[in-house]
Amino acid sequence: MAATARLLLFLVVSFLASSSSFSRVAISTSSSPASPRNVSLALYYETLCPYCSNFIVNHLSKIFHDGLISIVDLNLIPYGNARLGSNSTISCQHGPNECLLNTVEACAINAWPDLSIHFSFIYCVEHLVLEHKYTEWESCFSKLGLDSNAVLNCYDSGHGKELELQYAEETDSLQPPHRYVPWVVVDGQPLYEDYEKFEAYICKAYHGEPPETCLGLLPKKDHKMKADNHVSYADEMISSSIAAVHGDAKIDMVV
């Protein structure tokens, strides 16, 4: 009987010890905070819109230098205020050259999924747009040491057109619908005319320890400020002659 009692006591003590260990593990596991998710940032734009180019070159590029890119998932959608016609033809707000560059940048995003690479290329092209030298866009390949074949083959094969049709569907499905470009969306919420303060909205939306650059950044509550000519409205179609002022863009554009 004594041996049986000692055995039962051993089993009970072992059970309690294992239960205690399990409880400690369970508590420890459940109390471990989940890694905060990145904030989604989407830019709906068109390549020859001067406000889009200015935003990309002088505002959006900052997140690659101030540390904010570490908490952001950036998505670029080069379609903007273009319109779909019969037989899936695409008409662009600033003419055929804009359709060309929209497709080229779509191909760059597809060919180089690495954000740092395709953003560098897009930055280069949009910087040329601001300088009224966008017909020299192919110089960005050599400036950045990139192989042009992936992008040019994408364009020539018609795959770029397919990408643009996908971007058309994505842009036209926006809720609320976009009214102009640049159209900046943070975690699914459009910033309207307040888009240049996108960094403050990112900092507010992030639930983890924010980068130092977030200190002191507070978004304005009023999103309904006057655009003051810092956007290109979707219902304003610009003559294709404007896009042709600086010459041919080197690739025959048929969209």
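Attention in this report is confined to the structure presented alongside it.

Here is what the cut-offs are and how they apply
- Residues numbered from 1 in each chain as written.
- Predicted model: local features only at pLDDT ≥ 70, side-chain atom pairs only at ≥ 80, totals over all residues.
- Heavy atoms only, no water.
- Salt bridge = Lys/Arg side-chain N within 4 Å of Asp/Glu carboxyl O.
- Helix = DSSP H or I, 4+ residues; strand = E, 2+ residues; numbered from the N terminus.
- Buried < 20%, exposed > 50% of the residue type's maximum accessible area, 1.4 Å probe, protein only.
- Pairing = 2+ DSSP bridges.
- Contact = heavy atoms within 4.5 Å.
- Axes fitted to C-alpha atoms, helices over the stretch in contact; angles between N-to-C directions.
- Parallel < 35°, antiparallel > 145°, perpendicular 65-115°, else oblique.
- Left-handed = near helix turned anticlockwise from the far one by under 90°.
- Core = buried A, V, L, I, M, F, W, Y, C linked by side-chain atoms within 4.5 Å.
- Expected span 1.5 Å × (residues − 1).
- Disulfide = S-S within 2.5 Å.

## A look at the pattern of salt bridges
Tallied over the entire structure, the rule returns two salt bridges. As a salt-bridge pair, Asp 187 and Arg 37 come within 3.0 Å of each other at their nearest N and O atoms. On the criterion of sequence distance, the pair formed by Asp 187 in the loop between β6 (183-186) and β7 (189-190) and Arg 37 in the loop between α1 (2-31) and β1 (39-45) is long-range, its members being 150 residues apart. The exposure class of Asp 187 is partly exposed, given its relative accessible area of 25%. You can call Arg 37 exposed: its relative accessible area is 51%.

## Some words on the sheet that holds β1
Pairing in this open sheet of four strands is mixed, and the strands run β2-β1-β6-β7 from one edge to the other. Because the sheet does not close on itself, it has two edges, and the strands there are β2 (72-78) and β7. Alignment of β1 against β6, held across four bridges, turns out to be antiparallel. Across the sheet, the residue bridging to Leu 41 is Val 186, located in β6. Sheet strands touched by helix α3 (residues 96-111): β1 and β2. Its angle to β2, the strand with the most contacts, is close to 145 degrees.

## Quick look at the packing of α3 against helix α4 (residues 115-130)
The geometry of α3 relative to α4 is characterised by a closest axis approach of 9 Å and an angle of 160 degrees between their N-to-C directions. Comparing the axis directions of α3 and α4 gives the class roughly antiparallel. Crossing geometry of α3 relative to α4 is assigned as right-handed. Each of Leu 101, Val 104, Glu 105, Ala 108 and Ile 109 in α3 lies in contact with α4, whose residues at this interface are His 118, Phe 121, Ile 122, Val 125 and Glu 126.

## Topic: the nonpolar core
The biggest cluster of nonpolar side chains holds 68 residues, and the ones touching the most others in it are Leu 41, Leu 60, Leu 74, Leu 76, Phe 121, Phe 198 and Ile 202. Ignoring anything within four residues of it in the chain, the contact list for Leu 41 reads Leu 60, Ile 63, Val 72, Asp 73, Leu 74, Asn 75, Val 184, Val 185, Val 186, Phe 198 and Ile 202.

## Points about α3
The first and last C-alpha atoms of α3 sit 22 Å apart over 16 residues, in line with the 22 Å expected at 1.5 Å per residue. Burial runs high along α3: 13 of the 16 residues are buried.

## Topic: unusual backbone geometry
A negative phi holds for most residues other than glycine; trans holds for most peptide bonds. In this structure, the amide linkage connecting Gln 175 to the following residue, Pro 176, adopts the cis form with an omega of -5 degrees. Examined against the element boundaries, Pro 176 turns out to sit in the loop between α7 (159-172) and β5 (180-181). For the peptide bond that leads from Val 181 to Pro 182, omega is 0 degrees, which places it in the cis range. Residue position: Pro 182 is located in the loop between β5 and β6. The phi dihedral of His 132 is positive, around 60 degrees, even though this residue is not glycine.

## Quick notes on the state of the cysteines
Evaluation of the coordinates by the stated rule reveals four disulfides. Shown here is the disulfide that connects Cys 124 with Cys 140, its sulfur atoms set 2.1 Å apart. Taking the sign of the S-S torsion, -90 degrees for the link of Cys 124 and Cys 140, the bridge is left-handed. Taken as a pair, Cys 124 in helix α4 and Cys 140 in helix α5 (residues 139-144) lie far apart in primary sequence, 16 residues in all. Pair check on accessibility: Cys 124 and Cys 140 agree, each one buried. At a sulfur-sulfur separation of 2.0 Å, the disulfide partner of Cys 203 is Cys 214. Here Cys 203 and Cys 214 share a disulfide; its torsion about the S-S bond, -80 degrees, makes the bridge left-handed.

## Quick notes on the side chain of His 118
Mapping His 118 onto the fold places it in helix α4. Here His 118 is in contact with Leu 76, Ala 108, Ile 109, Trp 112 and Pro 113, once residues within four sequence places are set aside.

## What about the environment of Val 181?
Note that Val 181 resides in strand β5. On the accessibility criterion, Val 181 (0% relative accessible area) is buried. In this structure, Val 181 is in contact with Tyr 44, Tyr 45, Glu 46, Cys 49, Cys 52, Gly 80, Asn 81, Val 231 and Ser 232, ignoring residues within four places of it in sequence.

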